[in-house]
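Geometric and topological summary
The lines below spell out each chain.
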Amino acid sequence: SNEERFWALVNTQGPMSETVPSPCWIWLGHIRPNKYGNFDIFRTIDGYVWKRTVSAHRFAYELAKGVIPKGDALDHLCGNTVCVNPEHLEPVTNSENNRRSASRRRGLPITGDITHCIYGHLWATNLRTYTTKAGKVLRQCKTCNTISHKRAYGLK
């Protein structure tokens, strides 16, 4: 079933959130470039298989808590966009979601209090920081980067 496939792609032992008293549930499936997870739902209607792609966090929320109010966005209270823990998600208006996300970005240090990447790898041994040509400072997890390259090139 779609639900069984979904939960098979969730690691419920993710890093603890600083803002919510429970661990993040990390989405292990496809991640879009905007850092949100995707999940494909399959339905068979009149012998035809239909596929629809949905946001992983929205699917998790609706499984656990029901329908998201029309027009609302889900705010990740933990600030972790690959988290699908329904307890870390709150329906808010789009403008409120944008306001919260902007304030989180402004207050987010490059290293600071953040000790792990979004997949739970320790920054102390895996952090690579670099500056783009445009002057933006980016963080990269060496372990995640290695896993990504191995997956892309079919290596073990």
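Here the structure is a predicted model, which is why all the values come from computation and not from measurement.

A separate point is the overall build of the protein chain. Of the regular secondary structure elements, the protein chain holds 5 helices and 8 strands. Along the protein chain, from the amino end to the carboxyl end, the secondary structure elements read α-β-β-β-β-α-β-β-α-α-β-β-α. Residues classed as buried in the protein chain amount to 30% of the 156 residues present. Expressed as a percentage of contacts within the protein chain between residues at least 6 apart in sequence, the contacts between residues at least 24 apart total 37%. Accessible surface, the protein chain: about 10300 Å² in total, of which carbon and sulfur atoms supply 54%.

Further remarks concern a nonpolar patch on the surface. A contiguous nonpolar surface patch, about 380 Å² in accessible area, is contributed by Ile-45, Tyr-48 and Trp-50. Here Trp-50 falls in the exposed class, since its relative accessible area comes to 52%.

Before going further, it helps to spend a moment on the side chain of His-57. Mapped onto the elements of the fold, His-57 is located in helix H2 (residues 56-65). Taking the relative accessible area as the measure of exposure, His-57 reaches 7% and is therefore buried. Residues contacting His-57, with those up to four places away along its chain left out, are Tyr-36, Leu-74, His-76, Cys-83, Val-84 and Leu-89.

Now for the confidence of the model for the protein chain. Model confidence for the protein chain is summarised by a mean pLDDT of 83, while 89% of its residues fall at 70 or above. Least confident of the elements in the protein chain is helix H4 (residues 123-126), whose mean pLDDT is 73; most confident is H2, at 96. Predicted confidence is poor over residues 108-112, with pLDDT under 50, and the contacts of this stretch with residues over four places away or in other chains come to 8 contacts.

It is worth spelling out the pairing of strand S5 (residues 73-76) at this point. Residue alternation in S5 divides its side chains into two sets, Ala-73 and Asp-75 and Leu-74 and His-76, and both sets are buried. Sheet topology note: the S5/strand S6 (residues 89-92) ladder contains 4 bridges and is antiparallel. Looking at S6, one finds that Asp-75 is bridged to Glu-90.

Grouped together as the largest cluster of nonpolar side chains are 10 residues: Phe-6, Val-10, Trp-27, Phe-39, Ile-41, Val-54, Ala-56, Phe-59, Ala-60 and Val-84. Counting only elements with at least two residues in this core, the list comes to strand S3 (38-45) and H2. With 3 residues, the top contributor of residues to this core is H2. Ignoring sequence-local partners within four residues, the contact set of Val-54 consists of Gly-37, Asn-38, Phe-39, Ile-41 and Phe-59. Counting 5 residues, the second-largest nonpolar core is a separate cluster that includes Cys-24, Ile-26, Cys-78 and Val-82.

Let us look at unusual backbone geometry. Positive phi outside glycine occurs at Lys-35, with the angle close to 75°. Following the sequence through the fold, Lys-35 ends up in the loop between strand S2 (26-27) and S3.

Criteria and cut-off values
Residues numbered from 1 in each chain as written. Predicted model: local features only at pLDDT ≥ 70, side-chain atom pairs only at ≥ 80, totals over all residues. Heavy atoms only, no water. Helix = DSSP H or I, 4+ residues; strand = E, 2+ residues; numbered from the N terminus. Buried < 20%, exposed > 50% of the residue type's maximum accessible area, 1.4 Å probe, protein only. Contact = heavy atoms within 4.5 Å. Areas by Shrake-Rupley, 256 points an atom, 1.4 Å probe, with all protein chains shown as cover. Patch = residues over 30% accessible without salt bridge, like charges linked within 9 Å, V, L, I, M, F, W, Y side chains within 5 Å. Salt bridge = Lys/Arg side-chain N within 4 Å of Asp/Glu carboxyl O. pLDDT = per-residue confidence, 0-100. Pairing = 2+ DSSP bridges. Core = buried A, V, L, I, M, F, W, Y, C linked by side-chain atoms within 4.5 Å.

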